[in-house]
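What the coordinates show
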Amino acid sequence: VQLVESGGGLVQAGGSLRLSCAASGTIFSINVMGWYRQAPGKQRELVAIITSGDMTTYAESVKGRFTISRDNGKNTVYLQMNSLKPEDTAVYYCYLGSMGPSSYWGQGTQVTVSS
């Protein structure tokens with residue numbers, strides 16, 4: 001399984017970005033996809049995840065600002081990030097978890113929010 005992310009970049013505080021992650025390979029239909037992030041000097045943390053049945057979980061710090069969605073036909077997960085803050089600056093990693101259990105990670109995409 002390969003995960004390819006896109007959509008990171010530099011944005012001013014208050015701005016928006018949309019991350020995408022496309023999965024390829026042999027993927028079980030029942031799975032969880034989502035996003036984690038890691039800021040310099042900090043541990044990787046959950047941002048948001050979504051199941052194949054569209055159940056979602058968000059970190060408290062992003063609730064009301066970020067929206068996760070997925071297209072099962074395209075094996076793609078999206079993260080719409082609005083009202084971005086400097087503390088959202090991190091490398092964002094796409095995640096896929098499925099039966100096995102198996103877990104896969106993308107290569108990461110940098111999101112930088114300037115104040």
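As a starting point, this report considers the structure included with it.

What counts, and at which threshold
Residues numbered from 1 in each chain as written. Predicted model: local features only at pLDDT ≥ 70, side-chain atom pairs only at ≥ 80, totals over all residues. Heavy atoms only, no water. Helix = DSSP H or I, 4+ residues; strand = E, 2+ residues; numbered from the N terminus. Polar contact = N/O pair within 3.5 Å; in protein donor to acceptor, adjacent residues only side chain to side chain. Phe/Tyr/Trp six-rings, centres within 6.5 Å; stacked < 30°, edge-to-face > 60°. Buried < 20%, exposed > 50% of the residue type's maximum accessible area, 1.4 Å probe, protein only. Core = buried A, V, L, I, M, F, W, Y, C linked by side-chain atoms within 4.5 Å. Pairing = 2+ DSSP bridges. Axes fitted to C-alpha atoms, helices over the stretch in contact; angles between N-to-C directions.

Okay, the environment of R37 next. Tracing the backbone through its elements, the reader meets R37 in strand β4 (residues 31–38). Taking C-alpha positions, R37 is 9.7 Å from A48, a pair spaced eleven residues apart along the chain. Here the side chain of R37 touches E45 through a polar contact of 2.7 Å, side chain to side chain. Here Y92 takes part through its side chain, which lies 2.9 Å from a polar atom of the side chain of R37.

Geometry of an aromatic ring pair is reported as the spacing of the ring centres plus the angle between the planes. Evaluation of the coordinates by the stated rule reveals three aromatic pairs. Measuring from ring centre to ring centre gives 5.1 Å for Y36 and W105, while their planes differ by 70°; the resulting arrangement is edge-to-face. With Y36 in strand β4 and W105 in strand β10 (residues 102–105), the pair connects residues that are 69 residues apart, well separated along the chain. Judged by centre distance (5.0 Å) and plane angle (55°), the ring pair of Y95 and W105 falls under tilted. Of the two residues, Y95 sits in strand β9 (residues 90–98) while W105 sits in strand β10, which places them ten residues apart along the sequence. For Y95, a relative accessible area of 17% puts it in the buried group.

On to the nonpolar core. By size, the foremost hydrophobic cluster in this structure holds 27 residues, and its most contacted members are W35, V47, F66, V77, L79, M81 and Y92. Elements supplying a minimum of two residues to this core: β3 (17–24), β4, β5 (45–51), β7 (66–71), β8 (76–81), β9 and β11 (109–114).

In this structure, S20 sits in strand β3. The buried category is assigned to S20, whose relative accessible area is 18%.

The next subject is the sheet that holds β8. Strand order in the open sheet made by the four strands is β1-β3-β8-β7, with antiparallel pairing throughout. In the strand order of this sheet, the two ends are held by β1 (2–6) and β7, each with one partner. In this sheet, adjacent strand axes meet at a mean angle of 15° when their direction is disregarded. Bridge count between β7 and β8: six bridges; the pairing is antiparallel. Bridge pairing in β8 places R70 opposite V77.

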